Amino acid sequence: MRLIASATLLALAAMAASPARAQDVSAGERSWNKCRACHQVGEGAKNLVGPQLNGLFGRHTGAVEGYSYSTANKGANITWDEAVFAEYIKDPKAKIPGTKMVFAGIKNDKEIADLTAFLKQFDKDGKKL
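Scoring rules and cut-offs
- Residues numbered from 1 in each chain as written.
- Predicted model: local features only at pLDDT ≥ 70, side-chain atom pairs only at ≥ 80, totals over all residues.
- Heavy atoms only, no water.
- Helix = DSSP H or I, 4+ residues; strand = E, 2+ residues; numbered from the N terminus.
- Buried < 20%, exposed > 50% of the residue type's maximum accessible area, 1.4 Å probe, protein only.
- Polar contact = N/O pair within 3.5 Å; in protein donor to acceptor, adjacent residues only side chain to side chain.
- Contact = heavy atoms within 4.5 Å.
- Arc of directions from axis to C-beta.

Under an unreviewed UniProt entry, the name given to the protein chain is Cytochrome c, and the organism recorded is Bosea lupini.

Structure representation (structure tokens):
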């Protein structure tokens, strides 16, 4: 009986520590509501006030075809990954001075992780992975 209880506790501890528990895609989708006035994701996404964000992670700054980026963004020489995005979304103007993105930022690390999980679902063509 102790062996089963120990195995159960170990399994629960492993699940609690897993990355899937660290990020909540549904919560990220709710957070996305802060972004959707200016950005789109998904199949058929278009550039609006901001560029479409399909396939964001692994993409270089200033790379979305047809979007008119600021000089600062084009020259930032950044490749988007989770750490860079987290730093940027907390305070866009601090990360890329001169960006035309007008957004106060998301300061909560959990909310940023959830938003990241939501965005990572979309490949460069807007298809969910």
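A. Examining the side chain of Ser70 more closely. Its place among the elements puts Ser70 in the loop between α3 (25-32) and α4 (71-74). The class of Ser70 is buried, set by a relative accessible area of 11%. A polar atom in the side chain of Ser70 sits 3.0 Å from the backbone nitrogen of Asn73. Once you skip the residues sitting within four places of it in the chain, Ser70 turns out to touch Gly98, Thr99 and Lys100.

B. Expanded view of the environment of Glu111. Within the fold, Glu111 resides in helix α7 (residues 109-119). The class of Glu111 is buried, set by a relative accessible area of 19%. Residues Glu111 and Arg30, 81 residues apart in the sequence, show an inter-C-alpha distance of 9.5 Å. A polar side-chain atom of Glu111 sits 2.7 Å from a polar atom in the side chain of Ser31.

C. Expanded view of α3. Every buried residue of α3 is listed here: Ala27, Gly28, Ser31 and Trp32. The buried residues of α3 occupy one face: seen down the axis, they fall within an arc of 150°. Where the residues of α3 are buried, they touch α7. Where α3 starts, the residue carrying a side-chain oxygen 3.0 Å from the main-chain nitrogen of Ser26 turns out to be Asp24.

D. Examining helix α5 (residues 82-90) more closely. Of all the residues in α5, the buried ones are Val84, Phe85, Tyr88 and Ile89. Around the axis of α5, the buried residues are gathered within 120° of arc, so they sit on the same side. Residues of α5 that are buried in the fold lie against α6 (92-95) and α7. For α5, the capping residue at the N-terminal end is Asp81, with a side-chain oxygen 3.1 Å from the backbone nitrogen of Ala83.

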